Amino acid sequence: MDQLPNLGREQEMLDIMGVSSMKDLFEDIPVEIRSEGTLPLPPPQTEEEILRDAERLLGANVNLDSRPSFISAGLARNFVPSMVPMIATRGEFLTSYTPYQPEVSQGMLQAMWEFQTMISELVGLPISNVSMYDASTSAAEAITCAVRVKSKKVDMPNTVYISELVPPHRMSVIENYTQGVGIDIRKIPHDEDGFLNLNIAAEASGSCAIYVEQPNAFGILDEGLLRLREVVGDKTAIIVGVDVTSLGIVEPPGNWGADIVVGEGQPFGIGPTAGGPIYGIFACKKDFLRLMPGRIVGQSIDTEGKTAYTLTLSTREQHIRRHRATSNICSNETLIALMGAMHMALLGPVGLETLSTRVLSSTRMAIDELSSVEGLELAFPKSPVFREFAVKVPGKSSEALSHIFELGVIGGFDLGQWWPDKGSWILIGCDERTSESDISLLKKSLTSWVEESS
Amino acid sequence: MDQLPNLGREQEMLDIMGVSSMKDLFEDIPVEIRSEGTLPLPPPQTEEEILRDAERLLGANVNLDSRPSFISAGLARNFVPSMVPMIATRGEFLTSYTPYQPEVSQGMLQAMWEFQTMISELVGLPISNVSMYDASTSAAEAITCAVRVKSKKVDMPNTVYISELVPPHRMSVIENYTQGVGIDIRKIPHDEDGFLNLNIAAEASGSCAIYVEQPNAFGILDEGLLRLREVVGDKTAIIVGVDVTSLGIVEPPGNWGADIVVGEGQPFGIGPTAGGPIYGIFACKKDFLRLMPGRIVGQSIDTEGKTAYTLTLSTREQHIRRHRATSNICSNETLIALMGAMHMALLGPVGLETLSTRVLSSTRMAIDELSSVEGLELAFPKSPVFREFAVKVPGKSSEALSHIFELGVIGGFDLGQWWPDKGSWILIGCDERTSESDISLLKKSLTSWVEESS
Amino acid sequence: MTDTIFDFNGSKNAGWSQPSPLTEDSPSHIPESMRRNRLPDWPRASEPELVRHYTKLSQKNFGIDTGFYPLGSCTMKHNPRLNEKIVQNPGIDRIHPLQPEAQVQGLLAIYYEMQEMLAICSGMDAVTLQPVAGAQGEFTAIRCIQEYHRERGDNHRDKVIVPDSAHGTNPASASMCGYQIIEIPSAHDGRIDLDALRSAVGEDTAAMMITNPSTLGVFEPEIAEAAEIVHSAGGQMYYDGANFNAILGKTDPGRMGFDAVHYNLHKTFSQPHGGGGPGSGPIGVKDHLSKFLPSPLVNRKELPSGDIGTVGDGFWYHWESPASTIGKVQQWNGNAGAVVRAWAFYRRYGRDLERMSEHAVLNANYLRFRMMNPNPDLNIHAMPIEGCPAEVVKHEFTLSMSPLKDVTGVTGKDVAKRLLDFGYMAPTLYFPQIVPECLMFEPTETESKEVLDKFAEDFHAILAEDPDIVLTAPHTTPVGRVDEVWAARNLILRYPKDEPSS
Amino acid sequence: MTDTIFDFNGSKNAGWSQPSPLTEDSPSHIPESMRRNRLPDWPRASEPELVRHYTKLSQKNFGIDTGFYPLGSCTMKHNPRLNEKIVQNPGIDRIHPLQPEAQVQGLLAIYYEMQEMLAICSGMDAVTLQPVAGAQGEFTAIRCIQEYHRERGDNHRDKVIVPDSAHGTNPASASMCGYQIIEIPSAHDGRIDLDALRSAVGEDTAAMMITNPSTLGVFEPEIAEAAEIVHSAGGQMYYDGANFNAILGKTDPGRMGFDAVHYNLHKTFSQPHGGGGPGSGPIGVKDHLSKFLPSPLVNRKELPSGDIGTVGDGFWYHWESPASTIGKVQQWNGNAGAVVRAWAFYRRYGRDLERMSEHAVLNANYLRFRMMNPNPDLNIHAMPIEGCPAEVVKHEFTLSMSPLKDVTGVTGKDVAKRLLDFGYMAPTLYFPQIVPECLMFEPTETESKEVLDKFAEDFHAILAEDPDIVLTAPHTTPVGRVDEVWAARNLILRYPKDEPSS
Ligand SMILES: Cc1ncc(COP(=O)(O)O)c(C=O)c1O
Ligand SMILES: Cc1ncc(COP(=O)(O)O)c(C=O)c1O
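Just so it is clear, the structure is predicted and the values come from calculations on it, not from any experiment.

1. Thoughts on the overall build of chain A
Scanning chain A for helices and strands turns up 13 helices and 13 strands. Each of the three principal axes of chain A carries a C-alpha extent, and together these read 85 × 55 × 50 Å. Going through the 454 residues of chain A one by one, you find that 71% of them count as buried. Within chain A, contacts between residues separated by at least 24 positions form 72% of all contacts whose residues are at least 6 apart in sequence. When the accessible surface of chain A is split by element, carbon and sulfur atoms take 48% of a total near 13000 Å². Averaging the positions of the 37 positive and the 59 negative side-chain charges in chain A gives two centres separated by 6 Å.

2. Regarding the packing of aromatic side chains
As enumerated under the stated definition, the model contains 56 aromatic pairs over all chains in all. Geometrically, the ring pair formed by F68 of chain D and F455 of chain D is edge-to-face, given 5.0 Å between the ring centres and 80° between the ring planes. Remark: F455 of chain D occurs in helix α16 (residues 449-464) and F68 of chain D occurs in the loop between α1 (47-59) and α2 (81-86); sequence separation between them is 387 residues. Comparing F68 of chain D with F455 of chain D shows no difference in burial state: the two are buried. Three or more aromatic residues link up through ring pairs in this structure, and these residues are F218, F380, F413, W418, W419 and W425 of chain A. Above the ring of F315 of chain C, the side-chain terminus of R300 of chain C is found at 3.6 Å from the ring centroid. The ring of F26 of chain B carries K250 of chain D above its face, with NZ or CZ at 4.8 Å from the centroid.

3. What about the site of ligand 1?
Taken together, 15 residues form the shell around ligand 1, and within it S331 of chain A together with S73, G134, D240 and K267 of chain C come nearest. H167 of chain C is positioned such that a nitrogen or oxygen atom in its side chain is 3.5 Å from an oxygen atom of ligand 1. Side-chain polar atom of N264 of chain C to an oxygen atom of ligand 1: 3.0 Å apart, as the coordinates give it. Expressed as a share of its isolated accessible area of 390 Å², the protein-covered part of ligand 1 is 99%. Those elements that place two or more of their residues in the shell around ligand 1 are α5 (134-151) and α10 (265-268) of chain C. In terms of residues, the shell around ligand 1 owes the most to one element, α5 of chain C, which gives three residues.

4. Describing unusual backbone geometry
Along the chain, G276 of chain B connects to P277 of chain B via a cis peptide bond; the corresponding omega equals -5°. Here P277 of chain B shows up in the loop between β6 (260-264) and β7 (280-284). The backbone of S270 of chain C shows a phi angle near 65°, a positive value even though the residue is not glycine. Relative to the assigned elements, S270 of chain C resides in the loop between α10 and β7 (283-285). The phi dihedral of Y430 of chain C falls on the positive side, at around 60°, and the residue is not glycine. Examined against the element boundaries, Y430 of chain C turns out to sit in the loop between β12 (428-429) and β13 (438-441).

5. Some thoughts on the site of ligand 2
Residues in contact with ligand 2 amount to 15 residues; listed here are only the nearest, S73, G134, A135, D240 and K267 of chain D. More than one chain reaches ligand 2: the nearby residues come from chains B and D. N264 of chain D is positioned such that a nitrogen or oxygen atom in its side chain is 3.0 Å from an oxygen atom of ligand 2. At a separation of 2.7 Å, an oxygen atom of ligand 2 approaches a polar side-chain atom of K267 of chain D. Protein burial of ligand 2: of its 390 Å² of free accessible surface, 99% is covered by the chains. Put simply, the parts of the chain that give the shell around ligand 2 at least two residues each are α5 (134-151) and α10 (265-268) of chain D. Considering every element that reaches the shell around ligand 2, the biggest residue donor is α5 of chain D, with three residues.

6. Here we look at the sheet that holds strand β10 (residues 377-378) of chain A
All names here are of chain A. With antiparallel pairing, the four strands of this open sheet are ordered in space as β10-β11-β13-β12. This sheet does not close on itself; its edge strands, each paired only once, are β10 and β12 (413-414). Here strand β11 (residues 388-392) pairs with strand β13 (residues 425-429) via five bridges, running antiparallel. Looking across to β13, one finds that K392 is bridged to W425. Along the sheet, helix α11 (residues 334-371) contacts β10, β11 and β13; its crossing angle with β11, the most-contacted strand, is approximately 10°.

7. A closer look at the nonpolar core
Counting residues in hydrophobic clusters, the biggest one holds 251 residues, and the most contacted among them are Y54 of chain C together with L197 and L353 of chain D. If we ignore the near neighbours within four places in the chain, the residues touching L353 of chain D are L39 and L41 of chain B together with M117, C121, L248, F269 and Y346 of chain D.

8. A closer look at the interface of chain C and chain A
If you look at the interface, chain C gives 199 residues, while chain A gives 194 residues. A combined buried area of about 17500 Å² lies between chain C and chain A, and 62% of that area is made up of carbon and sulfur atoms. Connecting chain C to chain A are 12 salt bridges. Between R348 of chain C and E47 of chain A there is a salt bridge, with its nearest N and O atoms 3.3 Å apart. At the boundary of chain C with chain A, the tally comes to 101 residue pairs in polar contact (both at pLDDT 80 or more). The biggest single contributor to the side of chain C that touches chain A is helix α13 (residues 353-372) of chain C, with 13 residues. Within the side of chain C that touches chain A, the residues separate by chemical class into 95 nonpolar, 61 polar and 43 charged.

9. So, the interface of chain D and chain A
Taken together, the contact between chain D and chain A spans 20 residues of the former and 18 residues of the latter. The junction of chain D with chain A conceals about 1600 Å² of combined surface from both sides, 55% of it contributed by carbon and sulfur atoms. The tally of links from chain D across to chain A stands at zero salt bridges. Our count for the chain D to chain A interface comes out at four residue pairs in polar contact (both at pLDDT 80 or more). Only α1 and α2 of chain D provide two or more residues apiece to the side of chain D that touches chain A. Here the side of chain D that touches chain A is built from residues that sort into four nonpolar, 10 polar and six charged.

10. Thoughts on the environment of R370 of chain C
Structurally, R370 of chain C can be placed in helix α13. Exposure remark for R370 of chain C: the relative accessible area of 26% places this residue in the partly exposed category. Apart from the residues lying within four places of it in its own chain, the contact partners of R370 of chain C are I16 of chain A together with K449, D453, A456 and H460 of chain C.

11. Side note on the domain arrangement of chain A
Residue and element names in this part refer to chain A. Structurally, chain A comprises domain 1 (65-78 + 348-453) and domain 2 (84-343). For domain 1 and domain 2, the distance between their C-alpha centres works out to 28 Å. In this assembly, 27 residues from domain 1 lie in contact with 34 residues from domain 2. Taken together, both faces of the contact between domain 1 and domain 2 bury some 2300 Å²; the carbon and sulfur share is 67%. Applying the counting rule to domain 1 against domain 2 returns one salt bridge. At the junction of domain 1 with domain 2, the criterion picks out 11 residue pairs in polar contact (both at pLDDT 80 or more). Put simply, the parts of the chain that give the side of domain 1 that touches domain 2 at least two residues each are α11, β11 and β13. Sorting elements by how many residues they give to the side of domain 1 that touches domain 2 places α11 first, with seven residues. Of the residues assigned to the side of domain 1 that touches domain 2, the class counts are 17 nonpolar, five polar and five charged.

12. A few points about α1 of chain D
All names here are of chain D. Compared with the 18 Å implied by 1.5 Å per residue over 13 residues, the 18 Å span of α1 between its first and last C-alpha is a close match. Burial analysis of α1 places 11 of its 13 residues in the buried class, which makes it a mostly covered element. Restricting attention to buried positions, one finds in α1 the residues E47, P48, E49, L50, V51, R52, H53, Y54, T55, L57 and S58.

13. Focus on the domain arrangement of chain C
Residue and element names in this part refer to chain C. Looking at chain C, the domain boundaries give domain 1 (83-351) and domain 2 (353-485). Taking the mean C-alpha position of each, domain 1 and domain 2 sit 31 Å from one another. Between domain 1 and domain 2, the residue contacts involve 32 residues of the former and 24 residues of the latter. Both sides together, the interface formed by domain 1 and domain 2 hides about 2100 Å², and carbon and sulfur atoms give 64% of it. On the domain 1 side of the interface with domain 2, the three residues burying the most area are L216, N245 and Y349, jointly 27% of the side's total.

14. Observations regarding the sheet that holds strand β6 (residues 260-263) of chain D
All names here are of chain D. Reading across the sheet, the seven strands line up as β1-β7-β6-β5-β4-β2-β3 and stay open at both edges, with mixed pairing between neighbours. Bordering the open sheet on either side are β1 (126-128) and β3 (180-184), each of which pairs with just one other strand. Here the strands of the sheet are splayed against their neighbours by 20° on average, with no regard to which way each runs. Contacts from helix α4 (residues 105-122) reach β1 and β6 within the one sheet, and its direction differs from that of β6 by about 120°.

About the criteria used
- Residues numbered from 1 in each chain as written.
- Chains lettered and ligands numbered in written order.
- Predicted model: local features only at pLDDT ≥ 70, side-chain atom pairs only at ≥ 80, totals over all residues.
- Heavy atoms only, no water.
- Helix = DSSP H or I, 4+ residues; strand = E, 2+ residues; numbered from the N terminus.
- Buried < 20%, exposed > 50% of the residue type's maximum accessible area, 1.4 Å probe, protein only.
- Contact = heavy atoms within 4.5 Å.
- Areas by Shrake-Rupley, 256 points an atom, 1.4 Å probe, with all protein chains shown as cover.
- Lys, Arg positive; Asp, Glu negative; His and termini not counted.
- Charge placed at Lys NZ, Arg CZ, Asp CG, Glu CD.
- Phe/Tyr/Trp six-rings, centres within 6.5 Å; stacked < 30°, edge-to-face > 60°.
- Lys NZ or Arg CZ within 6 Å of the ring centre and 35° of its normal.
- Near = heavy atom within 4 Å.
- Polar contact = N/O pair within 3.5 Å; in protein donor to acceptor, adjacent residues only side chain to side chain.
- Pairing = 2+ DSSP bridges.
- Axes fitted to C-alpha atoms, helices over the stretch in contact; angles between N-to-C directions.
- Core = buried A, V, L, I, M, F, W, Y, C linked by side-chain atoms within 4.5 Å.
- Buried area = accessible area lost by both parts, 1.4 Å probe.
- Salt bridge = Lys/Arg side-chain N within 4 Å of Asp/Glu carboxyl O.
- Nonpolar A, V, L, I, M, F, W, Y, C, P; charged D, E, K, R; others polar.
- Domains from an automatic or database assignment.
- Expected span 1.5 Å × (residues − 1).

In structure tokens, the structure reads:
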């Protein structure tokens, strides 16, 4: 209880107020709904004890750095420069709240304005907010935003087309965010190489928006998407989900017609952290600005004309617009976006390119190595990929994965969990930390599985 | 090489200066002594690579937290509250230097002034400096300081008496610091209970100083020391080395006549860190103030009378007094002392008492458990101890220690390394992290050694 | 002004040093047309420059660590540093949410413990940790309620009732689920108006959303009646848990009659949410709603005796999908890092969480007393009036600055800005909107009496001060009062402004 | 002013929460008379109060992270954050220096690598990492030299020669070994005066201590001659390595003729030494001195083929005691944590340490050029003069402010204080003492051109400014100019002042 400065001084304070006991402070709670006795919870612990328990429990988890690991599926086993967490956790950043008082929040505001710039540069679109909860809510809110902007102007209001190769968990979030407000979602299939069926995509023309991912759920980079604007016409919003790391080498969607770009920001700034806190990026064209979700920082001036930063366009937000707000976001992921900003700034343009190339090169090497294994089959041998690729194994992928885990390798993601018909597919993810020896261990262990199961 | 902001801009800067090449900047080095070619060292590494190597190398060390551990011998396997390193490594503290410019160093200066107060309170003496390198140099410089202060006033100038139960490594430092200047050191023996022979100690009367430790190298608390002032008389300085943690329960030497108290500050603020950086404490009576070593902070005022802090009594120091300085200390251990201050402040008086009691209680429990093992023998069964105690084992202690290490226990320190005639003695150290199960593992493994070797 | 990061023009070819790619030719595997040909114009700076840049920025930012942060409704309490240390553990930082259960037993055990603890503290039956913020918790719970009504064929319930004092996220969340919002006015004393509620409920009522203690910081004594009214109309009661810090161990939403509740872990259970996030917004529900909860939850089963399991407690922890789950609201399992911090926070109090609430309430009442009882020798222009008359408040309270405005022209906003000069974060401004010139103060349990005394004293000094000083505040901050209209008019949202143009 | 920590009067019975002692009766094992009966009057504060206290204190402290720190002779370069991360590893933080070799192979391997690297870079034959600061390195090396002479029966060598420009630690360290100090004056151009040296050396010369580049920042071209003079008199040459940052890969003390050298790892190899420490001051020596080095050093032996050893390189690392070791100068094995940081720093450059020195020298020359070539339109009262005329300087340089003092009364100290107002740390003041009104600037390699340009500009602004402003500087710091005389006269060294009285 070293957290309570007034412990032991209760009476002193009560006396000053003229209140006789702590109990009196809770007399306003009607007796009928008062709790009885002590909370049925264990006694308080000391810092030493909590740390010991935390180390025991967290130590029981198998962390990705403890062995070769090929699980990605939307998050990155990244390398975060040491500076990032050390500086981002300075108390002035760490323990601040939403910068409602810009005069004493210039640090975070400027950092977020710089973040907006870096995201804008990254994806090739002029506007960025200061983060969404994660890639999935970013995609979901991009869709509802596009519907708000486009519904009155298109033939198919409240209708959105979505690539069927969006990871199902993300799709589920999209469905939750869209179904209450009655948005009709139609899926677009892919051909056998994992490329979007552009003929069917053409049906999206006249709808509010089309949502695709580049790379898609199988890691495939789809050249056809470059023609999407042509295919859907000018009126339909193109929303693209990206792997941010790919954009050091892959053309950003802003350059081929995207109206909104979303994605998982996590590869810049923070470890996978069991899925959160992470942050979604959200960038768009100017037409979406006034109906977009999330916080936005603008440059301004103070009373003396000095440059200053402040939250702007707050009239979109729930604390002002209430039920007509463009989103319900209040707490967001700024602190994590700050880490992202630091990481991006450290990388610089050249560092980003190197990083992309590293991820791509380990992906390529893993593909090359695994394709030489008799009994393994690439699901999409002809398609260019980034970070991830799918392989078909003999037997059930869940069993294959258990087998290779026994051999010391976290071997990827069982695609059967997403699509029951792909119960023998494994999604293998590579990254900047993947080494040649990791790949050869993966190969060895998968070869052993092939032998075992034949 | 992400550390050099001007990389790639050399020519631009040279052009401005009118210098044609980088080589020209080194033309002043005579050709005969110029280095040839590239340094015969490996190529630069990236952060990722260095971290990987560091984790591999440091991971090859057996850390004390990884198993029950009973090695102490002057350092503590302590628990440092999480706040301490997090706040002490804030850049403003971490990357500052000696506060020569008090106007922009008030933070560190005030923290050190508060540190001085806490040390002064801890040991019961009015003056403290802001740290020495470690306990050993603290003891050594206390002795040279006492000689400076006392030599002209006593019958035996340049003579100091030292308890023979000072850890030999510390004694070696003392010898190095005293022998150049010709100080004569005489050892005082102990009786069979490990208590100082007060009859011989009485010979120190008339010398410059007597140096004793409480607890001594065997962890023994010596009640006889309370009579030391009586024994050596008023003129001889009494210098006492302490275990700082003990002072929550043991009477501080300032209260029984010590003139100077020294000791290892490490238990407050930082892990054992393979022996450094740690910090020595140094506190004394006012008569020693002007001839003591190390930096001292004083309260002062600024031009407007506002309270301010500054380094003071600098005229004692090398940068002013040069070869007549009271010490050669320039860089010291302030940052670690800052961590110490934070830890002490968090503990508070009651926390200190609890901490002392915890260490004492685990020591007692270990003694009780081991004394029940047939074949083990306490070296000083009758003497009160704090943190440490010596046991005699069958056979060589080094072999006993290897044996129990195999059984998962870091079992203490082989006293044969310090005193060849104690080749079957082990110094067992306990601390606040010692658990009942640690003690029972120690007991089990030592019992196994006894059985093995009988 | 600190230069922006884009003003650095350090090393021309800098870039974080990295190991070389494993192979050299990989780019050739991407079709030419898809390759990026102009790299983003990111900063080109070295580590030394960036450490200094961000350090300097931080120095222009106010946090709990730098001063008193009485931001009402936000529960800005101290963030114990232990929690930050714990989340550096690779057992959380380097974990993938899709790892098989066998690889994450420790994390699942923490999730399970937190689900249980939150259920106990709130009187709910089931808890999900998936929502990542309070607002998302609201949205999630309303979605569950929506499915609940749908499953019962109750398809006409298309309205959600909120008091006019509700937090903006309440109506916004309900409206994201497609609901119409019925806002009911508060009674003249700021409390819930049961008559207004009675006339608002009906067959179209899907739910009512309310927080208790209310956003005015006072406990709604008639909450059980309100629940009764809504329930008898067939609606569900939703508890906005933002004010949970006031009541732990004293009462709980279950007893009050609620069906669903969200917790703001980042408030009640502390959580660094620098700049406004991250948060964590678990929800708890009564049995009848539990099968709609997002998927997955954590459950456990006893292992055969003798098998202590990976975490050593004899249980196997596993994910479980509720029968009629609404699916996902975040792609993974919520903000696991925030959950782990909150777990560490909870463990520090254990059953003494009640002490925490007591001290939060003690501090709020004490501060209110101090603020409303100035030294009579002071020449105060006008005293504020209570936002809601009450014998005692809970963890926060509101004051209306209207009297001051009437006498001197000084608004609540001016006072808020002036407080910045004294080294404080301003209280929450103009919320709830029903209190004119509202300032809302929440000291939290982690502030000492000395801080509260000094704050009250400084507040009184402002009330007594030359109004011109207050009207033009702040004066000592890194920048003066910032022109928000200018920002909205010029919309300079990146550097340089109009790139990439579109 | 921030309150002192003793002004907190938080929880009456606070104290860091700790688990209970294993047994209750242990105090009874200590004789009554030895038990403490009044606990120290330490602060009684909670974690929240202390985090804020120390955060606020830090905000009143200047570090490299907050601004340019051109403190000459101190090499205040950026501290890479990786190094701080590495030392959090329990493989260093939780290691006891007395653990058996088998338990610390990784640490010994790092020690070995650092010994080797330092020997290579300095042209020495053996290196110990034990001394914990430069000054302690000096002391240690002089002790070795003392034993060297003693062993040869050369017992009459009782003098150590230092130039008058030497750092104060040089004479202080030698004098701690019992040596008399002979100070030789510099030549009129600030360089070593060989004639003065010749007349100083003799049969009583134990050693000469000198640094090169000198404390004036210029390379002593006649260093080999100086070594020759000292050697032929039978003395040893000691190299103060504080200025090592200037010469890596370009020359080394071995080539210059030195027998012993100390390194300030915390300067050249970066090291956070907040507030003035910790440091690390290894020494390197030539063969003839190596057997006197402190004990122990690290050595290694090849393992039988096939055995890769604990660290995987096929070696067994072990401690080794030099034959005639002087023993110990620190109780353990030096500042191991500092050595590990320096190792990480070194690994980042590897053989390109030469680039580091080049950039340190580039920056110094560039800054000097900028500072000595102001915009001619400025109305500068008087330009400084070079502390030492030189075509090029090395990593630092000195300027004398005497001309300014003559014209305006503004001293070097005033200029230094005024620089604080501009957001800089002041340069080193009045050292070396042979340059009147000396300011000494060392930019280090981690400052950008922009920072150097701006600094020169601000420096010129000060030279052109109303002298009254400079004379009364600083004006914008947390406190005004601090009265050092007051401090020394009143000697308030703790709180409250006269407790415990004695
Ligand atoms: C009363 C109330 N409800 C809901 C919320 C929304 O919570 P969050 O910010 O976590 O989305 C807040 C946040 O400030 C609040 O104060
Ligand atoms: C030239 C010179 N020599 C020696 C030293 C002493 O080094 P340390 O501070 O590490 O004891 C210094 C330190 O500033 C120095 O500048």
